[in-house]
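The primary structure of each chain is shown beneath.
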Amino acid sequence: MADAPRLGRVLSAMVTPMRADGSVDLDSAQRLATHLVDQGHDGIVVSGTTGESPTTTATEKEELLRAVIAAVGDRAVIVAGAGSNDTAKSVESVQMAEKAGAHAVLAVTPYYNKPPQSGLVAHFLALADASDLPVMVYDIPGRSGIAIARETYLRIAEHDRIVAVKDARGDLWLAGQLMEATGLDWYSGDDAMNLAHFVNGAVGFVGVTSQTCPAIYRRFADAVVEGRWDDARGIHRSLHTIVDAVMYVTQGAIMAKAALAEQGLIGSAATRLPLVEATDEQRGLIRAALATIA
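Keep in mind the model is a prediction, meaning the values are calculated, not measured.

> What should I look at first to understand the packing of aromatic side chains in this one?
Counted under the stated rule, the structure contains six aromatic pairs. Considering the side-chain rings of F198 and F220, the 5.7 Å spacing of their centres and the 65° angle between planes classify their relative orientation as edge-to-face. Here F198 is found in helix α8 (residues 194-200), whereas its partner F220 is found in helix α9 (residues 214-225), with 22 residues between them in sequence. Comparing F198 with F220, the two get one shared label, buried.

Below you can see the structure in the form of structure tokens.
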């Protein structure tokens, strides 16, 4: 655990700040990214699902990526969300990310069209071949509608640029087997399971709640690395209320934005349809949850 993984250990899938009119707020994005790195983040995922990638344009994604790189790219690993359910468009996104200066890309399993496993292999290998950037594969069957099979993992792990997995599958037994079989760096992609994934051998996490209290998550990861498991367990349990508020009340980006706006870290909690802003009741839950970690 002492050696830092190449893509970092503490990462957040950062929200994309927007103004009240729905336009992307690059200034707020830079301030938020700087805050996260100042508070101990090793890396930031830009334009993941939490960054509302389904409803931002290719131009907005590039402008956002360049803005974050300009702000913190010399101090943190910047991972560009580049996956979609269209391989050709995903390849274009990977190539844009490399041109913009990203350090790695996140490639989600193609969603909705439910390709066969042979299609998943071809998709991920096409993205890995599209640039010289390392690729983190994102396995989230609850969103994509299809899980990555063991045989597919073994096949794509043979590619030198496929180096990591963001695991939101919830199967720790399989995860442990795949870590050993593939040698890929494993990241928790489920805030509630970060501790369990660490115990199981994961090298880090890509969180959502972590952007609302980054210093605490840094202390949590450091406790794990140093083998202070009682401390890690205590920190993990102290986060129950904020994780529940961000992740299990409504969609995570909605509540993360509400929390960040409440903290004054972004100028507005605005989202783009079909996402909507948190209700007054939901904002009250966020305020109460933030008070437990203050």
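> Mind showing me how you'd approach the packing of helix α1 (residues 26-38) against helix α2 (residues 58-72) here?
Across the interface, α1 lies against α2 with an axial gap of 9 Å and an inter-helix angle of 40°. Classified by the angle between their axes, α1 and α2 sit oblique to one another. In terms of crossing hand, the pair formed by α1 and α2 is right-handed. Only E63, L64, A67, V68, A70, A71 and V72 of α2 make contact with α1, whose side of the interface consists of L26, A29, Q30, A33, T34 and V37.

> Honestly, the UniProt feature "site: Part of a proton relay during catalysis" (unreviewed entry) in the chain in this entry has me stumped. Any pointers?
Look at the UniProt record and you will see "site: Part of a proton relay during catalysis" (unreviewed entry) annotated at T49 and Y112. If you trace the backbone, T49 turns up in the loop between β2 (43-46) and α2. Residue T49 is classed as partly exposed on the basis of its relative accessible area of 32%. Note on Y112: relative accessible area 76%, which makes it exposed.

> What's the story with the pattern of salt bridges in this structure? I'm lost.
Any two side chains of opposite charge can pair if their charged atoms end up close together. Applying the stated criterion across every chain, the model contains 14 salt bridges. A salt bridge links R228 to E226, with the shortest nitrogen-to-oxygen separation between them at 2.8 Å. Residue classification places R228 among the partly exposed residues on the basis of a relative accessible area of 33%. Linking D230 and R233 is a salt bridge whose minimum nitrogen-to-oxygen distance equals 2.4 Å.

> Help me understand the sheet that holds strand β5 (residues 135-139), please; the structure alone is not making it clear to me.
Strand pairing in a sheet relies on backbone hydrogen bonds. The paired strands run either parallel or antiparallel. Taken together, the eight strands give a closed barrel; going around it, the order is β1-β2-β3-β4-β5-β6-β7-β8, and neighbouring strands pair in parallel fashion. Between one strand and the next, the sheet's axes are offset by a mean angle of 25°, whatever the strand orientation. Note: strand β6 (residues 162-167) against strand β7 (residues 185-188), four bridges, orientation parallel. From the neighbouring strand, A164 faces β7, where its bridge partner is D185.

> So what exactly am I meant to see when it comes to the packing of helix α3 (residues 87-100) against helix α4 (residues 117-129) here?
In a pair of packed helices, the angle between the axes and the distance between the axes together describe the arrangement. In the contact formed by α3 and α4, the axes pass within 9 Å of each other and the chain directions differ by 25°. The orientation of α3 relative to α4 falls into the category roughly parallel. In this structure, the crossing between α3 and α4 has a hand that is right-handed. On α4, the residues that touch T87, S90, V91 and V94 of α3 are H123, A126 and L127. When the residues that make up the contact of α3 with α4 are grouped by side-chain class, the tally is four nonpolar, three polar and no charged.

> Would you take a moment to explain the UniProt feature "binding site: pyruvate" (unreviewed entry) in the chain for this structure?
Summarizing the sequence annotation, UniProt attributes the feature "binding site: pyruvate" (unreviewed entry) to T50 and V206 in the numbering used throughout. Over a stretch of 157 residues, the named residues converge on one spot in the fold, their C-alpha atoms separated by at most 10.9 Å. Residue position: T50 is located in the loop between β2 and α2. Residue classification places T50 among the buried positions, given a relative accessible area of 11%. Excluding residues that lie within four positions of it along the chain, T50 makes contacts with A13, M14, V15, T16, V208, Q211 and A253. Mapped onto the elements of the fold, V206 is located in strand β8 (residues 204-207).

> Teacher, can you tell me more about the environment of A126 here?
Structurally, A126 can be placed in helix α4. C-alpha of A126 to C-alpha of S90: the two residues are 36 residues apart in sequence and 9.0 Å apart in space. Discounting residues that sit within four places of it in the chain, A126 has contacts with T87 and V91.

> What exactly am I supposed to notice about helix α7 (residues 172-182) here?
Three- or four-residue spacings in an α-helix give side chains the same orientation, since the helix completes a turn every 3.6 residues. Looking only at α7, the buried set comprises L174, A175, L178, M179 and T182. With its buried residues spanning 140° around the axis, α7 presents them on a single face. In α7, the exposed positions that point more than 90 degrees away from the buried face belong to W173 and E180. Buried residues along α7 sit in contact with α6 (150-156), β6, β7 and α8. By the N-cap criterion, in which a side-chain oxygen at the helix start approaches the backbone nitrogen of a residue two or three places on, α7 is capped by D171, the distance to W173 being 3.3 Å. Of the residues flanking the end of α7, it is G183, one or two places downstream, whose phi is positive at about 75°.

How each quantity is defined
Every chain is numbered on its own, with residues counted from 1 as its sequence reads. Only residues with pLDDT of at least 70 are given local features in this predicted model, and only at 80 or more are side-chain atom pairs given and counted; all residues enter the totals for whole chains, interfaces and linings. With hydrogens and water excluded, all non-hydrogen atoms of the structure serve as input to the side-chain values. In summary, the pairing rule links any two rings of Phe, Tyr or Trp, Trp by its six-membered ring, whose centres are within 6.5 Å, and it sorts them by plane angle into stacked for under 30 degrees, edge-to-face for over 60 and tilted for everything else. Put simply, DSSP H or I for four residues or longer makes a helix, DSSP E for two residues or longer makes a strand, and each gets a number counted from the N terminus. Each residue's exposure class comes from its accessible area (1.4 Å probe, protein chains only) as a fraction of the maximum for that residue type: buried when under 20%, exposed when over 50%, partly exposed otherwise. As a rule, the C-alpha atoms of each element are fitted with a line to give its axis, helices using only the stretch in contact, and angles between N-to-C directions run from 0 to 180 degrees. For classification purposes, an angle smaller than 35 degrees is called roughly parallel, one larger than 145 roughly antiparallel, one from 65 to 115 roughly perpendicular, and anything else oblique. In this scheme, a crossing is called left-handed if the near helix is turned counterclockwise away from the far one by less than a right angle; it is called right-handed if the turn is clockwise. We call two residues contacting when some pair of their heavy atoms lies within 4.5 Å. UniProt positions are given in the numbering used here, feature names are shortened, and annotations may be inferred rather than shown by experiment. The salt bridge definition used is simple: a Lys or Arg side-chain nitrogen within 4 Å of an Asp or Glu carboxyl oxygen. At least two DSSP bridges between two strands are needed for those strands to be called paired. Asp, Glu, Lys and Arg are counted as charged, while Ala, Val, Leu, Ile, Met, Phe, Trp, Tyr, Cys and Pro are counted as nonpolar; the rest, among them Gly, fall into the polar class. As used here, the arc is the angular range of directions from the helix axis to the C-beta atoms. Whenever a nitrogen or oxygen atom comes within 3.5 Å of another N or O atom, the pair is scored as a polar contact, on the condition that within protein one atom can donate a hydrogen and the other can accept it, and that pairs from neighbouring residues in sequence are kept only if both atoms are in side chains.

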